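Structure assessment
Listed here are the chains, written in short residue letters.
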Amino acid sequence: MAYTNSKLVNYTRISPNRSVNRNHKIDTVSIHCVVGQCSVETLGSIFASTSKEASSNYGIGYDGRVGLYVEEKDRSWCTSSASNDNRAITIEVASDTYHPYRVKDVAYKSLIKLLVDICKRNGIKKLVWSTNKSERMNHLNGCNMTVHRDYANKSCPGDYLYNLHGQIAKEVNAQLGSGTSSTTKKTLYRVRKTWKDVKSQKGAFNDLSNAKKCADENKGYSVFDENGKAVYTSKAANSTSSFKVQISIPDLNIRKGPGTNHATTGRFTGKGVFTIVETKQGTGSAKGWGKLKSGAGWIALDYATRI
């Protein structure tokens, strides 16, 4: 197959951190957050360093400009999964350096345009998102949108972009002609601590039930309609009842507190069954953080299965 690159590119700096000639056709997209409101030039400099051992096919700067770092014919080193990177176009988007890692509107709009272009050139008829990790990782039910947190103990692409994946798919599909278009204005429900606290926003949803679910996962958050009226308040709360969880990855970080803003202890859980004696909401885990009975520290419950 003859691969092409996007004509939306404003800046090119090919990274040495790549594998020449991907071994799978392009049928997936993986959106990442940079964790920094940087330019495409800065991102290019980061990926130019061989010590980083990282790259992406494209990057979007804080101003919406598009950078090309790995040609589409080649595999980037982006999601901690060779299998995923061989089939996916990976895109890093400039974001805030703190939870929920918001991206600027101009960068978001540029992302939509780039995704439409990628889909058209590679014969991807529509984007399909799933909130089920297994469906994403195994491309079940047509799912072709993956995220870095599925393959590594990371919060990438940050809760802001993660919670917008369904909306991103809808917007892209509408332009591809595969989505259902409507002239009826839909209410957009926003999840925030208060209506005026724009920076606290976790996401924006067309579906009220999805917005409520997001609020329940974040203590102290409410759902607001487009007029700023609170239509639902989170029922989430810290819990002190114990339960057991199964860990299936060998390198789950143990942290000194409930959140990625707390330092790691330098230890991993390893695989096995562990007892959680307390849970709290915190940065970097949508399902919250669990305190280990051993007293070793806290783990992200996104990577644990309750048993």
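Note that the coordinates shown come from a computational prediction; the quantities given were computed from them, not determined experimentally.

Concerning the overall build of the protein
Tallying secondary structure elements over the protein gives seven helices and 19 strands in all. Taking 19 Å as the expected radius of gyration for a compact globule of 307 residues, we find that the protein reaches 20 Å, a close match to that expectation. Counting the 307 residues in the protein, one finds 51% classified as buried. Pairs at least 24 apart in sequence give 61% of the contacts found in the protein among residues at least 6 apart. When the accessible surface of the protein is summed, it comes to about 14,500 Å², and 47% of that surface belongs to carbon and sulfur atoms. Placing the 46 positive and 25 negative side-chain charges of the protein at their respective mean positions leaves the two points 4 Å apart.

Re the packing of helix 3 (residues 105–122) against helix 6 (residues 165–176)
Running from amino to carboxyl end, helix 3 crosses helix 6 at an angle of 55°, the nearest separation of the two axes being 9 Å. By the criterion of interaxial angle, the relationship of helix 3 to helix 6 is oblique. The crossing of helix 3 and helix 6 is right-handed. From helix 3, Tyr108, Leu111, Ile112, Leu115, Val116, Cys119 and Lys120 reach across to helix 6, where they touch Gln167, Ile168, Glu171, Val172, Gln175 and Leu176. A per-class count over the contact of helix 3 with helix 6 returns nine nonpolar, two polar and two charged.

Observations regarding unusual backbone geometry
A cis amide bond links His99 with the next residue in sequence, Pro100, at an omega value of 5°. Tracing the sequence through the fold places Pro100 in the loop between strand 7 (88–93) and helix 3. Following Cys156, the chain continues into Pro157 via a peptide bond in cis, with omega recorded as 15°. Mapped onto the elements of the fold, Pro157 is located in the loop between strand 8 (145–146) and helix 5 (158–162). Despite not being glycine, Ser80 has its phi angle at roughly 65°, a positive value.

Re the pattern of salt bridges
Applying the stated criterion across every chain, the model contains nine salt bridges. Note that Arg121 and Glu72 form a salt bridge whose closest N and O atoms lie 2.5 Å from each other. With Arg121 in helix 3 and Glu72 in the loop between strand 5 (66–68) and strand 6 (75–76), the pair connects residues that are 49 residues apart, well separated along the chain. Accessibility expressed as a relative area gives 25% for Arg121, which makes it partly exposed. Exposure remark for Glu72: the relative accessible area of 0% places this residue in the buried category. The salt bridge partner of Glu278 is Lys280, with a shortest N-O separation of 3.9 Å. Several salt bridges share partner residues, and in doing so they unite Arg18, Lys73 and Asp74 into one network.

Comments concerning the sheet that holds strand 9 (residues 189–192)
Overall, antiparallel pairing links the four strands, which are arranged 10-9-11-12 in an open sheet. A strand with exactly one partner marks an edge of an open sheet, and here the two such strands are strand 10 (203–205) and strand 12 (230–233). In this sheet, neighbouring strand axes are inclined to one another by 25° on average, regardless of whether the strands run parallel or antiparallel. With three bridges connecting them, strand 11 (residues 222–224) and strand 12 associate as antiparallel partners.

Cut-offs and rules
Residues numbered from 1 in each chain as written. Predicted model: local features only at pLDDT ≥ 70, side-chain atom pairs only at ≥ 80, totals over all residues. Heavy atoms only, no water. Helix = DSSP H or I, 4+ residues; strand = E, 2+ residues; numbered from the N terminus. Rg over C-alpha atoms; globule rule 2.2 N^0.38 Å. Buried < 20%, exposed > 50% of the residue type's maximum accessible area, 1.4 Å probe, protein only. Contact = heavy atoms within 4.5 Å. Areas by Shrake-Rupley, 256 points an atom, 1.4 Å probe, with all protein chains shown as cover. Lys, Arg positive; Asp, Glu negative; His and termini not counted. Charge placed at Lys NZ, Arg CZ, Asp CG, Glu CD. Axes fitted to C-alpha atoms, helices over the stretch in contact; angles between N-to-C directions. Parallel < 35°, antiparallel > 145°, perpendicular 65-115°, else oblique. Left-handed = near helix turned anticlockwise from the far one by under 90°. Nonpolar A, V, L, I, M, F, W, Y, C, P; charged D, E, K, R; others polar. Salt bridge = Lys/Arg side-chain N within 4 Å of Asp/Glu carboxyl O. Pairing = 2+ DSSP bridges.

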